[in-house]
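Geometric and topological summary
Here are the chains, one letter per residue:
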Amino acid sequence: MIPRYSTEAMTVIWSELHKYKTWLRIETKVVEAFSNKENAFFDNAKIYLPRLMLLQITETDIQSIKEIEDQVAHEMAAFVQYIAAKTNDPGYLHYGLTSSDVLDTQLAINCHESIHIIQLAMTDLIGAIGRKSAEASGMKILARTHGQSAEIMSMSVKILGWAMPLFSLISKVPGKLSGPTGQGTLLTDEETRRLFDNLGVDFWSGPMQAVPRYFHASLLNELAITACKIEKIALD
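Overview of the structure. Along each chain, residues carry numbers from 1 onward, in the same order as the chain's sequence is written. Note on the predicted model: pLDDT of at least 70 is required for a residue's local features to be given, and 80 or more for side-chain atom pairs to be given and counted; whole-chain, interface and lining totals, by contrast, use all residues. Note: side-chain values were computed over all heavy atoms of the structure, leaving out hydrogens and water.

Let's talk about helix H7 (residues 155-163)
Every α-helix winds through 3.6 residues per turn, so residues three or four apart in the chain are directed the same way. Only protein chains enter the accessibility calculation, which uses a 1.4 Å probe; a residue whose area is less than 20% of its type maximum is buried, one above 50% is exposed, and one in between is partly exposed. Helix and strand assignments come from DSSP, with helices taken as H or I runs of at least 4 residues and strands as E runs of at least 2, each series counted from the N terminus. Those residues of H7 that sit buried are Ser-156, Ile-159, Trp-162 and Ala-163. Relative to the axis of H7, the buried residues are bounded by an arc of 110 degrees and lie together on one face. Contact definition: two residues touch when any of their heavy atoms are within 4.5 Å. Against the buried residues of H7 lie helix H6 (99-135), strand S2 (148-154) and helix H9 (214-235). Distance and chemistry together define a polar contact, namely a pair of N or O atoms within 3.5 Å, with one atom able to donate a hydrogen and the other to accept it when in protein, and with adjacent residues in sequence counting only for side-chain atoms on both sides. Where H7 begins, one side-chain oxygen reaches toward the backbone nitrogen of Ser-156, 3.2 Å away; that side chain belongs to Ser-154. In this description, the arc belongs to the directions extending from the helix axis to the C-beta atoms.

This is the structure:
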């Protein structure tokens, strides 16, 4: 994030520390799903799960992960190797997953958290517009068209018109945890749904290694449109 254009909350969401914490959160939720499966292979997942849940990622951990990355030339492999060693992993960490599963789901969580902040700000803005509209009740202004004077109109209505475009919802970006080919053979649909409900984001169930980028393009487009709506208020 560019410091002069970012808020403190947004900077935290898109920080490297938050990224690794989110990776750990995702991996932990997957192991939690394993611990609830009726399968002898996952019997020890219940024993392993608390080790992941108690682990707290720090800046020191990040430095150690980067040292491993210098050797293996793969950020996710370095992360998994480090966490597995630190928690004495019996073989459940990242089991059945591909890097895109964790990366795309982390990106979905980041987008969800960012959108939440934006929507709170939009709610505040809509409230402020409503108050300004009420204050302008009875005030008349001379509207214009083609750079010339046109008709008398209500200033209150003019201001209220700023709020109308701000009520539209912003698209969500989904994550995925369905393996390297998107077949989803590791978790059932119900297990996947519960897992993503706990993460607070939607999931993509298509047979692909990565979440299609048109979801992200749609979000960026809507954010650009939202910026234009705000600009319209500023210009008026």
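A closer look at the packing of aromatic side chains
Between rings of Phe, Tyr and Trp, where Trp is taken as its six-membered ring, a pair exists when centres lie within 6.5 Å; planes separated by under 30 degrees are stacked, by over 60 edge-to-face, and by other angles tilted. Going through the model one piece at a time under the given rule, you end up with 13 aromatic pairs. An angle of 85 degrees between the planes, with centres 5.9 Å apart, marks the rings of Phe-41 and Tyr-92 as edge-to-face. In this pair, Phe-41 sits in the loop between helix H2 (16-35) and helix H3 (45-54) while Tyr-92 sits in the loop between helix H5 (75-87) and H6, placing the two residues 51 residues apart along the sequence. Taking relative accessible area as the criterion, Phe-41 reaches 42% and is therefore assigned partly exposed. Judged by its relative accessible area of 4%, Tyr-92 falls in the buried class. Relative to Tyr-92, the ring of Phe-42 lies with its centre 6.0 Å away and its plane at 35 degrees, an arrangement referred to as tilted. A residue pair is termed long-range when its members are at least 10 positions apart, and Phe-42 in the loop between H2 and H3 and Tyr-92 in the loop between H5 and H6 qualify at 50 residues. We note that Phe-42, like Tyr-92, is buried.

A word on helix H8 (residues 189-199)
If you check which residues of H8 are buried, you get Glu-191, Thr-192, Leu-195, Phe-196 and Leu-199. Relative to the axis of H8, the buried residues are bounded by an arc of 125 degrees and lie together on one face. Structural note: H8 exposes Asp-189 and Asp-197 on the side pointing more than 90 degrees away from its buried face. Among the structural elements, H2 and H6 are those in contact with the buried residues of H8. Looking at the residues trailing H8, positive phi occurs at Gly-200, about 85 degrees.

Looking at the pairing of S2
Where strand S1 (residues 140-145) and S2 come together, five bridges link them in antiparallel fashion. Across the sheet, residue Leu-142 finds its bridge partner in S2, namely Ile-152. Pairing between strands is defined by DSSP: at least two bridges between them are needed.

Side note on the pattern of salt bridges
Salt bridge, as applied in this entry: a Lys or Arg side-chain nitrogen positioned within 4 Å of an Asp or Glu carboxyl oxygen. Applying the stated rule across the entire model yields twelve salt bridges. In this structure, Asp-101 engages Lys-176 in a salt bridge whose closest nitrogen and oxygen atoms are separated by 2.3 Å. Of this pair, Asp-101 sits in helix H6 while Lys-176 is found in the loop between H7 and H8, placing the two residues 75 residues apart along the sequence. Classification of Asp-101 by relative accessible area gives buried; the value is 0%. Since its relative accessible area comes to 0%, Lys-176 is described here as buried. With a closest N to O distance of 3.6 Å, Asp-236 and Lys-158 form a salt bridge. Of the two residues, Asp-236 is situated in the segment after H9 and Lys-158 in helix H7; the sequence distance between them amounts to 78 residues. Through salt bridges with shared partners, a single ionic network connects Lys-158, Lys-232 and Asp-236.

Considering unusual backbone geometry
One non-glycine residue, His-94, adopts positive backbone phi at about 65 degrees. One can find His-94 in the loop between H5 and H6. In the Ramachandran plot, His-146 falls in the positive-phi region, its phi being about 55 degrees despite a non-glycine side chain. Here His-146 is to be found in the loop between S1 and S2.

Without other data, these values stay purely geometric and don't point to any function.
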